[in-house]
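Examining the three-dimensional arrangement
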Amino acid sequence: MNNGMRVGLDIGASKVLGAVIEADGTVVAQSRQKTLPGADGILDSATTVLDSLAVALDGALPPHIGIGIPGIVDRDRGAVSHAVNLGLADWFPLADRLAGRTGATVVIENDLNAATWGAHVLSGADDLAYLSLGTGLAAGFVLSGTLRRGAHGAAGEIGHVPVDPGGMACSCGQRGCLELVASGSALSAWSAEPEAPAAVTLFAAAAKGNTEAIAARDRFAAGVADAVRMLGLAVDPAVIILGGGVAHLGEPLLAAVTRALRAQANESPFLTALDLPSRVRLLPGQVPVGAIGAALIGNAG
Ligand SMILES: [Zn+2]
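An account of the accompanying structure is given in this report. (Residues numbered from 1 in each chain as written. Predicted model: local features only at pLDDT ≥ 70, side-chain atom pairs only at ≥ 80, totals over all residues. Heavy atoms only, no water.)

Quick notes on the packing of aromatic side chains
- A complete count under the given rule lists 0 aromatic pairs for this structure.
- One Lys or Arg, Arg-77, reaches over the ring of Trp-91 and ends 4.8 Å from the middle of that ring. (Phe/Tyr/Trp six-rings, centres within 6.5 Å; stacked < 30°, edge-to-face > 60°. Lys NZ or Arg CZ within 6 Å of the ring centre and 35° of its normal.)

In structure tokens form, the structure reads like this:
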């Protein structure tokens, strides 16, 4: 039993999502738990998720656990730091600590890299950019089947490319960053109900014909299209996959972004020839892409 199966944990600021995964990305069991802050909180949340996965499997878990977590990750030491939203500032040896509790082999990876690898597994594409539209904006790359982390781990941080010299100050210390236009936080003014994500409220209002919402949606879609164009021109990947929390909007998001890409290409035979709209994809709804990637990434890249 457990042949080739692995466990993936996607640790985010609000929840830990765990899944037992087969080698082809098939999800065998899933569990989620609220993330408790700080080193002990993260360990406890992860352990609770693992316990409930073990129950779902009628006993023992596969002996390999892969973790995706925000922050700066040292894979060799199995440690993470600067995961500010998780209450972790200094280096924390997460892999060793969880291995000590479970007896499993534990590897850790930056959460965006893990999700990018998950997108590679699920899409079957060997040459892709994964554009994560969450609280922030960033991209990951699998190029010719290899994960691109970058010499300083900063590959794909396109959310902090300044696009508006007169724009707002960004938390990174620059001004007018793309993330301020094209991310979930850029839509926060539309978070009317605490339970409904701002992007959902905005797109629903736009679909009903609210002119202010239509303008805001189209501004947002144009920002995402800017990011797609940046990826297309810098890396020229075969496929660009929209992911992150905002991508749960599904087809309406894809439609708005491809419309914006076509508008950008209208006056440019050069851009038209690149045919970016046909390269943009969504993953099937609600798949735990981060946990799948964390489970299967191993030593890739
Ligand atoms: Zn910035």
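Some words on the nonpolar core
- Core analysis: the biggest nonpolar cluster contains 41 residues, and Leu-131, Val-224, Val-228, Leu-231, Leu-242 and Leu-253 have the highest contact counts within it.
- Elements with a minimum of two residues in this core: β8 (128-133), β9 (137-143), α4 (198-207), α5 (211-234), β11 (239-243) and α6 (251-265).
- The element that contributes the greatest number of residues to this core is α5, accounting for 9 residues.
- Setting aside residues no more than four positions away along its own chain, Leu-131 makes contact with Leu-137, Ala-138, Ala-139, Ile-158, Val-224, Ala-227, Val-228, Leu-231, Ile-241, Leu-242 and Gly-243.
- Grouped together as the second largest cluster of nonpolar side chains are 28 residues, Ile-11, Ile-67, Val-80 and Phe-92 included. (Core = buried A, V, L, I, M, F, W, Y, C linked by side-chain atoms within 4.5 Å. Buried < 20%, exposed > 50% of the residue type's maximum accessible area, 1.4 Å probe, protein only. Helix = DSSP H or I, 4+ residues; strand = E, 2+ residues; numbered from the N terminus. Contact = heavy atoms within 4.5 Å.)

Focus: the coordination of the zinc ion
- At this site the zinc ion is bound by His-160 (ND1), Cys-170 (SG), Cys-172 (SG) and Cys-177 (SG), with donor distances of 2.0 to 2.3 Å.
- Bound by 4 donor atoms, the zinc ion shows angles of 105 to 123 degrees at the metal and therefore tetrahedral coordination geometry.
- The partly exposed category is assigned to His-160, whose relative accessible area is 22%. (Donors = N, O, S within 2.8 Å, 3.2 Å for Na, K, Ca; no water. Tetrahedral: all angles 85-135°; square planar, octahedral: opposite > 155°, others 65-115°.)

So, the packing of α4 against α5
- Close contact between α4 and α5 brings their axes to 8 Å; oriented N to C, the two are set at 125 degrees. As far as their axial angle goes, α5 and α4 are oblique. Here the hand of the crossing between α4 and α5 comes out left-handed. Together, Leu-202, Phe-203, Ala-205 and Ala-206 of α4 and Ala-213, Ile-214, Ala-216, Arg-217 and Phe-220 of α5 make up the contact between the two elements.
- Residues belonging to the contact of α4 with α5 are distributed by class as follows: 8 nonpolar, no polar and 1 charged. (Axes fitted to C-alpha atoms, helices over the stretch in contact; angles between N-to-C directions. Parallel < 35°, antiparallel > 145°, perpendicular 65-115°, else oblique. Left-handed = near helix turned anticlockwise from the far one by under 90°. Nonpolar A, V, L, I, M, F, W, Y, C, P; charged D, E, K, R; others polar.)

Some thoughts on the environment of Asp-40
- For Asp-40, the location among the structural elements is in helix α1 (residues 38-56).
- Along the backbone, Asp-40 and Leu-94 are 54 residues apart, and their C-alpha atoms lie at a distance of 9.8 Å.
- A distance of 3.4 Å separates the side chain of Asp-40 from the side chain of Arg-97, its partner in a polar contact. (Polar contact = N/O pair within 3.5 Å; in protein donor to acceptor, adjacent residues only side chain to side chain.)

Notes on the sheet that holds β9
- An order of β10-β9-β8-β11-β12 is seen for the 5 strands of this open sheet, with the pairing classed as mixed. In this open sheet, the two edge strands, each paired with only one partner strand, are β10 (146-148) and β12 (280-282). Neighbouring strand axes in the sheet, compared pairwise and without regard to direction, differ in orientation by 30 degrees on average.
- Pairing of β8 with β11 involves 5 bridges; the strand directions are parallel. Across the sheet, residue Leu-131 finds its bridge partner in β11, namely Leu-242.
- The sheet strands contacting α5 are β8, β9, β11 and β12, and the helix crosses β8 at an angle near 155 degrees. (Pairing = 2+ DSSP bridges.)

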